[in-house]
Amino acid sequence: MLLACALKFLKDEQAAYDAVIATFEMAMHKIKTSLPSNVGGWLYTITRNNCLAEIAAQKVFNENHSLEIADDQNLDAEETFMLLRKAIDELPENQKKCIVYFYLEKLSYLEIQYLTMLTYKQVKSNIQNGKRNLKINLLKLLRDE
């Protein structure tokens, strides 16, 4: 039921699996404070909210946004790549690892968690903060050129 819910929202099997795992991680923390009367409905609500949050985060940062900014500056592909690489290199180490693993190597949150020894929430946070900082770094580099 939870996987079907996540697939309905995310339309990506790996992202749906990650959302279901995140649901159970959140449930394990929340259940310590209160026991829900309808566990199935409660888990479904957590899953739905996780999926909606993920969709909102993806809308905030379009993967191609950095390339669109570079296109506005009339940069060729090699200049764009070098600019992106420099902007990524300026990120804090954990953010850099998570961004590279997630966007360039197309790894799931769980795979990144395993490789970096970070918690699921830390991986998610590093990706979200890394996206924001990458945009800031890229805009700063474009202004400096």
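Residues numbered from 1 in each chain as written. Predicted model: local features only at pLDDT ≥ 70, side-chain atom pairs only at ≥ 80, totals over all residues. Heavy atoms only, no water.

### As for the pattern of salt bridges
Quick reminder of the rule: What makes a salt bridge here is a side-chain nitrogen of Lys or Arg within 4 Å of a carboxyl oxygen of Asp or Glu, nothing more. Under the DSSP-based scheme used, a helix requires at least four consecutive residues in state H or I and a strand at least two consecutive residues in state E, with every element numbered from the N terminus. Each residue gets one of three labels from its accessible area relative to the maximum for its type: buried under 20%, exposed over 50%, partly exposed in between, using a 1.4 Å probe on protein chains only.
In total, this model carries three salt bridges according to the counting rule given. With a closest N to O distance of 3.9 Å, aspartate 89 and arginine 85 form a salt bridge. You can see aspartate 89 and its partner arginine 85 sitting in helix α5 (residues 77–89), four residues apart, about one turn around the helix. A relative accessible area of 41% places aspartate 89 in the partly exposed class. A salt bridge links lysine 96 to glutamate 93; the nearest nitrogen and oxygen atoms lie 3.6 Å apart.

### Quick word on helix α2 (residues 13–30)
The cut-off we apply is this: The span one expects for a helix is its residue count, reduced by one, times 1.5 Å.
Helix length check: α2, at 18 residues, gives a terminal C-alpha distance of 26 Å against a target of 26 Å (1.5 Å per residue), a fit within 8%. Of all the positions in α2, only Ala16, Asp18, Ala19, Val20, Ala22, Thr23 and Ala27 are classed as buried.

### Notes on the environment of lysine 8
Among the secondary structure elements, lysine 8 is positioned in helix α1 (residues 2–10). When the C-alpha positions of lysine 8 and cysteine 51 are compared, they lie 9.3 Å apart, and in sequence the two are 43 residues distant.

### Here's the deal with the nonpolar core
The line we're drawing: Joining through side-chain atoms within 4.5 Å is the link that ties buried Ala, Val, Leu, Ile, Met, Phe, Trp, Tyr and Cys residues into a set, and such a set is a nonpolar core. The contact criterion used throughout is that any non-hydrogen atoms of two residues lie within 4.5 Å.
In terms of nonpolar packing, the biggest core is built from 22 residues, with Cys98, Ile112, Val123, Ile127 and Leu138 touching the most fellow members. Dropping the residues within four chain positions of it, isoleucine 127 is found in contact with Cys98, Ile99, Phe102, Tyr103, Tyr109 and Ile112. If you look at the next biggest cluster of nonpolar residues, it comprises ten residues, including Leu2, Ala6, Leu43 and Ile46.

### Concerning unusual backbone geometry
Even without glycine at this site, lysine 11 takes up a positive phi of about 60 degrees. By the element assignment, lysine 11 lies in the loop between α1 and α2. Not every positive phi belongs to a glycine, and methionine 117 is a case in point at roughly 65 degrees.

### A short note on the packing of aromatic side chains
The description of two aromatic rings rests on the distance between their centres and on the angle between their planes. We apply this condition: Side-chain rings of Phe, Tyr and Trp, where Trp is taken by its six-membered ring, are said to pair if the distance between their centres is within 6.5 Å; with planes under 30 degrees apart they count as stacked, over 60 as edge-to-face, and otherwise as tilted.
Following the criterion strictly, the structure yields three aromatic pairs and no others. Seen in terms of ring centroids, phenylalanine 102 and tyrosine 103 are 4.9 Å apart; in terms of plane orientation they differ by 90 degrees. Their pairing is edge-to-face. Judged by its relative accessible area of 16%, tyrosine 103 is buried. Members of the aromatic cluster, joined through ring pairs, are Phe102, Tyr103, Tyr109 and Tyr120.

### Comments concerning the environment of tryptophan 42
Here tryptophan 42 shows up in helix α3 (residues 39–60). Leaving out residues up to four positions away in the same chain, tryptophan 42 has contacts with Ala27, Lys30, Ile31 and Pro36.

### Thoughts on the side chain of threonine 23
Inspection of the secondary structure assignment puts threonine 23 in helix α2. For threonine 23, a relative accessible area of 0% corresponds to the buried category. Ignoring sequence-local partners within four residues, the contact set of threonine 23 consists of Leu2, Leu43, Ile46, Thr47 and Asn50.

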